[in-house]
Every structure is written in C-alpha cells, then in structure tokens.
Amino acid sequence: MASNTSVVTPQRFSEGFSYPDYMAQINVNKERMDGYYHNFQVSAEDEASLKALAADPNGPTKMLVLGEDWCGDVVRGLPVLAKMAEAAGWEMRVFPRDQHHDIMNEFLKEGQWMSIPTAVFYTSDHRYILHWIERPEVADQEQREIEEAIRVENPDISDQEFGRERRTRTGARAEAWQQATVEEIISKLQAGISS
C-alpha cells in the first residue's frame, strides 16, 4: 500500500458491488466468467484453510477486488476470488478499476502498473492485511513461456493472431492457474497474519 492513509474507508468499502451485482452489470465476457465460476470448486482442504484464516482475530473477513470485465486475468480470476470468499465467509466488494483510479493507485503492481484483478484483504475492523495482484507466480512464468513459444514458432504472426493463439494456450492452463491462485493467496495470508 502506497501510504498509511487509504481512500478505502469502511464506508467506501461498503459501496462496492457484491459479486452478483457486479456480474449483473458487466457487458463483456459474462458467459466466460459464469463458466469459470460454475466450473471451479474450492477443495475441502482449501476451504478449511480459508475458514481458519477468517476465524483468526488478525485474519481476513473482507476482500476488495479491483477488476474490469474485458481483462483475461479478471475473467479467469474473479470467479475464483468469489468462490474463495464464499468458502471463507468473507464479505467481498468489487470495484471497476477504471472508475476507481484512486483505489487502484494504492495497489499498483511494482509501484507503476494498474494490473488486475487486485484483491485487498482486511480484518473485521478494516485493518489492511495484504494485497494480491493479477495472477499467481506460476501463471506469470508459464504465460511468458507461452508467448515466447508462439513468437519462435511464427515470428511473423500478426498481433491479432498472436492474441488468439495466446488466449487458446493460456485457456488450456486456466484450471491449474485457478487452483494456484487459491494456494498462493492462502499461503500469503497465512504468512501475513503470522508475522
């Protein structure tokens, strides 16, 4: 977080969309997001870990998510975050990034990128715990490898063809990346509340 004074007050947090309300108002990728939501399940083991985190006095009970429906990482990741919130019993509020730059500016990736989704975790009395950005580390690595492979296989590929091929190949990894999202966030929260 960029400063000790956040624009995300308890009042501001409460003004975000619930997940169903966010989904009701989006215009792009709704069917894909619904598919990811309905096809992903939090394992019993991960659910137990999430509930234990929520039960800790210093653990998360609220999650703010910044996203946009046109972003592939949001399409794949936001449904997983919603499932995690349901499993843990967290209150989840979604803010469209492009209408809330003041919030996004507190949680820039590497201090400069407006990467999404960004999930911000708070205690019941609204103390900031930590935030998680975009995708799990394994997905970052694998996406770079996928992009390099596409360029090596077809150096003259057009941007449009490149985008389609990347979407196909990253889509094949979606399930693994969704599970990695859950595991990475649980691990970071466990470390964050024990330190």
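Below: a short report on this structure. Just so we're clear, the structure is a prediction, and the values are computed from it rather than from any experiment.

1. Re the packing of helix 4 (residues 44-55) against helix 5 (residues 72-88)
Where helix 4 contacts helix 5, the two axes come as close as 8 Å, and the packing angle between them is 65 degrees. With respect to helix 5, the element helix 4 is oriented roughly perpendicular. Between helix 4 and helix 5 the crossing geometry is right-handed. Note on element contacts: helix 5 touches helix 4 through Met 84, Ala 87 and Ala 88, opposite Glu 47, Leu 50, Lys 51 and Ala 54. Class assignment for the residues of the contact of helix 4 with helix 5 results in five nonpolar, no polar and two charged.

2. As for the nonpolar core
Within soluble globular proteins, side chains that are nonpolar generally end up buried alongside one another. If you look at the biggest cluster of nonpolar residues, it comprises 50 residues, and the most contacted ones within it are Met 63, Leu 64, Leu 78, Trp 90, Met 92 and Phe 121. For this core, the element with the highest residue contribution is helix 5, accounting for 10 residues. Grouped together as the second largest cluster of nonpolar side chains are six residues, Ile 146, Ile 150, Phe 162 and Trp 177 included.

3. Observations concerning unusual backbone geometry
For the bond running from Ile 116 to Pro 117, omega is 0 degrees, close enough to zero to count as cis. With respect to the helices and strands, the residue Pro 117 is situated in the loop between helix 6 (101-104) and strand 3 (118-122). Phi angles above zero are rare outside glycine, and Glu 110 is one such case at about 55 degrees. Following the sequence through the fold, Glu 110 ends up in the loop between helix 6 and strand 3.

4. A closer look at the pattern of salt bridges
Pairing between side chains becomes possible if they bear opposite charge and their charged atoms approach one another. Under the counting rule described, the total for this entry stands at 15 salt bridges. A salt bridge links Arg 173 to Glu 142; its shortest N-O distance comes to 2.7 Å. Of this pair, Arg 173 sits in the loop between helix 8 (159-172) and helix 9 (174-194) while Glu 142 is found in helix 7 (residues 137-153), placing the two residues 31 residues apart along the sequence. A relative accessible area of 31% means that Arg 173 is categorised as partly exposed. Ionic contacts of the salt-bridge type, sharing partners, join the residues Asp 73, Arg 76, Lys 109, Glu 134, Arg 135 and Asp 140 into one network.

The rules behind the values
Residues numbered from 1 in each chain as written. Predicted model: local features only at pLDDT ≥ 70, side-chain atom pairs only at ≥ 80, totals over all residues. Heavy atoms only, no water. Axes fitted to C-alpha atoms, helices over the stretch in contact; angles between N-to-C directions. Helix = DSSP H or I, 4+ residues; strand = E, 2+ residues; numbered from the N terminus. Parallel < 35°, antiparallel > 145°, perpendicular 65-115°, else oblique. Left-handed = near helix turned anticlockwise from the far one by under 90°. Contact = heavy atoms within 4.5 Å. Nonpolar A, V, L, I, M, F, W, Y, C, P; charged D, E, K, R; others polar. Core = buried A, V, L, I, M, F, W, Y, C linked by side-chain atoms within 4.5 Å. Buried < 20%, exposed > 50% of the residue type's maximum accessible area, 1.4 Å probe, protein only. Salt bridge = Lys/Arg side-chain N within 4 Å of Asp/Glu carboxyl O.

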